[in-house]
Amino acid sequence: MKRADIIASGPTRRRFVGAAALAALTPAMARGAQPVTVTQQTGQPAGHAVPGFGPPPGTALLSRNENPYGPSEKAVAAGCSATAQGAFYADRSLLYLVDMIAEKNNIPRDFISVSAGSGEGLCAAAQSWTRDGGAIAAPALFWDTTVRYAERQGAKLVTAPMKSDLNVDLDALEKIVDDSVSLVHITNPNNPTGRLLDPDELRAFILKVEGRATVLVDEAYNELTDDPEGSSMLDIVRDGKNVIVSRTFSKIYGMAGLRVGYLMARTDLTARIRSNIMSWISGPGLAAAIASYNDEAFLSESRAKILEGREMVVEAAQSLGLTTLPSQTNFVFMDVKGDADAFRDEMKRRRIFIRGAYQGLPTWSRVSMGRLEDLKRYVAALPAALEG
């Protein structure tokens, strides 16, 4: 049986009940598994740490938009349990997660494609929609890694300029969606700006262009917005429009290294995406995703810490006369009024790692919301780093 057939088969409710049972597992319940103690700093089992995961001690890693407060305790426990059962393929676990996503978002299971992080699904969509020569249209500034993947396979990218406030210009984007464009890619909230498009304006844009090209909305940071449901374009997916919405466990769930994401779209679009997904999700990643998907207590606590850090950084930057863009994400984009690469290097000297300048924006710097103690180091270093 093909992978797509496996995902599309079986009764939804029974699979969902199975997911709840799997989420309740602890390491001691798995055959051969031993209870583990998870270290506070790294999230790794004490005494079994493997080098290369997470920042070295004394380093503030604020460049990757990771959430250092995850995975949740439930995710770690389930992941350890699944590791003990790592001799076996994780087919059924994939079904459990698909059904949880379907139930939570009120969509059919054949609207869902699960991938190794949302990145793989986005790459699959970009490749599929451009294989026959169609171009990708996007704003001039967005998280373009997956689109660049398609470019390396021969795809063409056309971009529309940003507004003066660095928000996505939907009118300009609409003008470049002609017959040569097969896919429109929008990141919302955007990366690196952190800005969220007005949901009504974005919906109106999608309804204008979805007859000409498929619209892909990357909602990696949706759970961090003020109104996740209201700002999402999932309602248009439910209506069967020509639109794809992607989500990930890498951000609010703190599972960037476990590589689990998913895309939601009507059946024919989902089948097209699945046909280009190349890998299976690992058992530990699936187990961690299942265990934490509905862990509202963890999500609330994690979100609160991220927002506390974001407010701290914004206040510090603005007190120094710097401009910050309104962020609905776990990072802040600011104008340091100087060479952003030099500013990055000054922070690096202090073992604080942030992003450098983006193309066309030599004075703008992005900092991710790491642990509060690391953000306090960043804030304390700001004045000296700005002076160089």
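As a reminder, the structure under discussion sits directly above these lines.
Residues numbered from 1 in each chain as written. Predicted model: local features only at pLDDT ≥ 70, side-chain atom pairs only at ≥ 80, totals over all residues. Heavy atoms only, no water.

Here we come to the layout of surface pockets. By volume, the second largest pocket is sized at about 720 Å³. Lining of the second largest pocket is provided by 33 residues; of these, Trp143, Thr145, Asn191, Arg355 and Arg366 occupy positions nearest its centre. Of all the secondary-structure elements, those providing two or more residues to the lining of the second largest pocket are helix H5 (117-130), helix H6 (145-152) and strand E4 (157-160). Sort the elements by how many residues they give to the lining of the second largest pocket and H5 lands first, with four residues. For the lining of the second largest pocket, the class distribution of residues is eleven nonpolar, twelve polar and ten charged. (1 Å grid on protein atoms, 1.4 Å probe; cavity = no way out; pocket = protein on both sides within 12 Å on 5 of 7 lines; lining within 4 Å. Points joined across faces, edges and corners; volume = space filled by probe spheres on them. Helix = DSSP H or I, 4+ residues; strand = E, 2+ residues; numbered from the N terminus. Nonpolar A, V, L, I, M, F, W, Y, C, P; charged D, E, K, R; others polar.)

Judged by which residues are buried, strand E8 (residues 261-264) turns out to be covered on both faces: Gly261 and Leu263 on one side and Tyr262 and Met264 on the other are all buried. As paired strands, strand E2 (residues 112-115) and E8 are joined by four bridges and run antiparallel to one another. Within E8, the position partnered with Ser115 by the bridge is Gly261. Across four bridges, the pairing between strand E7 (residues 243-248) and E8 is antiparallel. From the neighbouring strand, Thr248 faces E8, where its bridge partner is Gly261. (Buried < 20%, exposed > 50% of the residue type's maximum accessible area, 1.4 Å probe, protein only. Pairing = 2+ DSSP bridges.)

Now for the packing of aromatic side chains. Any two aromatic rings considered together are summarised by their centre-to-centre distance and by the angle between their planes. All told, the structure shown has eight aromatic pairs when counted by the stated rule. Here the aromatic rings of Phe249 and Tyr253 are separated by 4.6 Å at their centres, their planes lie at 45°, and the arrangement is tilted. Of the residues examined, Tyr253 reaches a relative accessible area of 2% and is grouped as buried. Members of the aromatic cluster, joined through ring pairs, are Phe249, Tyr253, Tyr262 and Tyr293. Above the face of the Tyr293 ring, Lys104 is positioned so that its terminal group lies 4.4 Å from the ring centre. The ring of Phe331 carries Arg366 above its face, with NZ or CZ at 5.5 Å from the centroid. (Phe/Tyr/Trp six-rings, centres within 6.5 Å; stacked < 30°, edge-to-face > 60°. Lys NZ or Arg CZ within 6 Å of the ring centre and 35° of its normal.)

Position of Asn242 relative to the elements: it lies in the loop between helix H10 (234-238) and E7. Polar side-chain contacts of Asn242 include one of 2.9 Å to the side chain of Thr214. Those residues in contact with Asn242, other than ones at most four positions away along the chain, are Glu210, Ala213, Thr214, Val215, Arg266 and Leu269. (Polar contact = N/O pair within 3.5 Å; in protein donor to acceptor, adjacent residues only side chain to side chain. Contact = heavy atoms within 4.5 Å.)

Counting residues in hydrophobic clusters, the biggest one holds 87 residues, and the most contacted among them are Val184 and Tyr378. Beyond its immediate sequence surroundings of up to four residues, Val184 is in contact with Ala137, Leu173, Val177, Phe205, Ala213, Thr214, Val215 and Leu216. Membership of the second largest hydrophobic core comes to 20 residues, among which are Trp129, Ala150, Ala155 and Leu269. (Core = buried A, V, L, I, M, F, W, Y, C linked by side-chain atoms within 4.5 Å.)

What follows covers the environment of Glu308. Along the chain, the position of Glu308 falls in helix H13 (residues 296-319). Taking the C-alpha atoms as reference points, Glu308 and Leu372, 64 residues apart in sequence, are found 8.1 Å from one another.

Across the five residues that make up strand E3 (residues 135-139), a large majority, five, are buried. As defined by bridge partners, E3 adjoins E4 across four bridges and the pair is classed as parallel. Residue Pro139 lies in a different strand from E4, and its bridge partner there is Ala160.

Strand order in the open sheet formed by three strands is E9-E10-E12, and the pairing between neighbours is antiparallel. Every other strand in the sheet has two partners, leaving strand E9 (323-324) and strand E12 (364-368) as the edge strands with one partner each. Examined bridge by bridge, strand E10 (residues 331-335) and E12 share five bridges and lie antiparallel to one another. Looking across to E12, one finds that Val332 is bridged to Val367.

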